[in-house]
Amino acid sequence: PDSALESVVKMVAAEKFNSALLAIMKSDTWAKEPRATWKKKHKVLLNEKVREVLEGSYEQMEEAFAAFDINQDGKVSVRELRTGLSCLDSAVSLTEEDIMEVMAVADEEGAGFIDIQEFLRTFGPHAVSHDEIRDGLHSFGRTADGRGYAFLGLSLASAKLSDVMNLRDFKQIQTLDVSHNCLSNLAPLGCLPLLHDLDCSHNQLRHVLSFKPPVALRHAKCSHNMITEINSLAQHRFLETLDLNHNRISRIAGLSENAALRKLLIDYNELIEITGLGGLQLRYLSMRGNRLSAVHGITPLDEADLELLKVFEECFDEMQDAFYAMDIDASGKISKKEMREGLLSIGITSREAVDRLLSRVDSSQDGEADLREFLALFNRSRPTVGVPGLAQ
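Rules used in this analysis
- Residues numbered from 1 in each chain as written.
- Predicted model: local features only at pLDDT ≥ 70, side-chain atom pairs only at ≥ 80, totals over all residues.
- Heavy atoms only, no water.
- Phe/Tyr/Trp six-rings, centres within 6.5 Å; stacked < 30°, edge-to-face > 60°.
- Buried < 20%, exposed > 50% of the residue type's maximum accessible area, 1.4 Å probe, protein only.
- Lys NZ or Arg CZ within 6 Å of the ring centre and 35° of its normal.
- Helix = DSSP H or I, 4+ residues; strand = E, 2+ residues; numbered from the N terminus.
- Polar contact = N/O pair within 3.5 Å; in protein donor to acceptor, adjacent residues only side chain to side chain.
- Contact = heavy atoms within 4.5 Å.
- Core = buried A, V, L, I, M, F, W, Y, C linked by side-chain atoms within 4.5 Å.

(A) View of the packing of aromatic side chains. Within the structure shown, the criterion is met by five aromatic pairs. With a centroid separation of 6.1 Å and an interplanar angle of 20 degrees, the aromatic rings of Phe140 and Tyr149 are classed as stacked. Given a relative accessible area of 55%, Phe140 falls into the exposed group. Counting every residue linked through ring pairs, the aromatic cluster contains Phe65, Phe68 and Phe119. Over the face of the ring belonging to Phe113 we find Lys75, whose NZ or CZ atom lies 4.5 Å from the ring centre. In this structure, Lys263 is placed above the aromatic ring of Tyr284, and the distance from its NZ or CZ to the ring centre is 5.3 Å.

What follows is the structure in structure tokens.
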């Protein structure tokens, strides 16, 4: 190409003869070897056909790569790809154009060859390699013990992974994304003691967080899997957010001991009733797209409660903010007088409303309401009428 020639001329003019010679040799080598044009990676039926042939011929994709890498230089050229495919199933005939298209999709960097990681990502599924893990590391920061620095985040999304056992060598990971893979078992994650954020959506999981619990797991996204029931999550006692959208769950169980759980999403499952949530202090619960016909274990708010809740939501970002605003003496409890003054400040003047609210939240019957009692009233469910996802 003209650009390559110009580069060589400039090197000669600058008396960089060795660099110029290497550039000429490289250009000559590339000219002899047909190169695929770069394309944005996308799934194509052709690649799926090749993957099926490879799976039928080799037990592991690493074996397939080693067989294709004829000169053992750690990469597969167009010529090696052509030779390797010609030795496989004779019933699958690929034209030169097909081979170039396979090369273009697999060669993510447009380098003219396919390395082991590109090969595995294109034709997987496969066990995650140490190189893939190193490539996915991000978020450099101080380690949990404060004694050093390391990469604390890891993204392995859309890598066609079937196993993540090698994560045991990266114990510093705190945030992990293994979404859009082929995982059916998360047991290896038990070796990540500091994990607090996990995205394992879009896999083939049948159980929820079925691994030895890390010390600090707070948020888990398990949507778009094959989960049919919620196994006990009692060991994950610090779990705050759980996303189970788009699974096949028919009833809620296994969460009764998760006192820290504040946000539960279980949209588009197969729920027919709400049970097993009575002891939880949820702040957000979403169940859209189910076929709910019954609510058990949750005391519904009546119209008066809803009106009061609406006023609080208009005045405060969080319900605990409302409590602290009315706790004038910062004693941790709201007296009847404090409640009257607090309600008056947000426009509620009715004495009956004060008496009713205090009687509703004062479960200990001591004439005062603490934060737990105050929040408990508004953590109950609203009436089913008009709520998306609930049967009328």
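(B) Spotlight on the side chain of Asn225. Residue position: Asn225 is located in the loop between strand S9 (219-221) and strand S10 (241-243). Note on Asn225: relative accessible area 7%, which makes it buried. At a separation of 3.2 Å, a polar atom in the side chain of Asn225 contacts the main-chain amide nitrogen of Asn203. From its side chain, Asn225 meets the backbone oxygen of Cys222 in a polar contact 3.1 Å long. Here Asn225 is in contact with Cys200, Ser201, His202, Asn203, Gln204, Leu205, His246 and Asn247, once residues within four sequence places are set aside.

(C) Main features of the environment of Tyr149. As for its placement among the helices and strands, Tyr149 is situated in strand S5 (residues 149-155). Taking the relative accessible area as the measure of exposure, Tyr149 reaches 51% and is therefore exposed. At 2.7 Å, the side chain of Tyr149 forms a polar contact with the side chain of Arg142.

(D) Up close: the side chain of Asn166. Tracing the chain through its elements places Asn166 in the loop between strand S6 (161-163) and strand S7 (175-177). In this view, Asn166 contacts Val128, Ser129, His130 and Ile133; residues no more than four positions away in its chain are not counted.

(E) How the structure looks around helix H7 (residues 116-123). Counting buried residues along H7, seven of its eight residues qualify, which places the element largely inside the surrounding structure. The set of residues buried in H7 consists of Gln117, Glu118, Phe119, Leu120, Arg121, Thr122 and Phe123. Two or three places before Gln117, at the start of H7, stands the capping residue Asp115, its side-chain oxygen 3.1 Å from that residue's backbone nitrogen.

(F) A look at the nonpolar core. Judged by nonpolar contacts, the single largest core of 47 residues is most densely connected at Leu176, Leu198, Leu209, Leu242 and Leu244. Other than its neighbours up to four places away in sequence, Leu242 contacts Val208, Leu209, Ala220, Cys222, Leu233, Leu255, Leu261, Lys263, Leu264 and Leu265. Ranked by size, the runner-up nonpolar core spans 21 residues in total, among them Ala64, Val76, Ala106 and Leu120.

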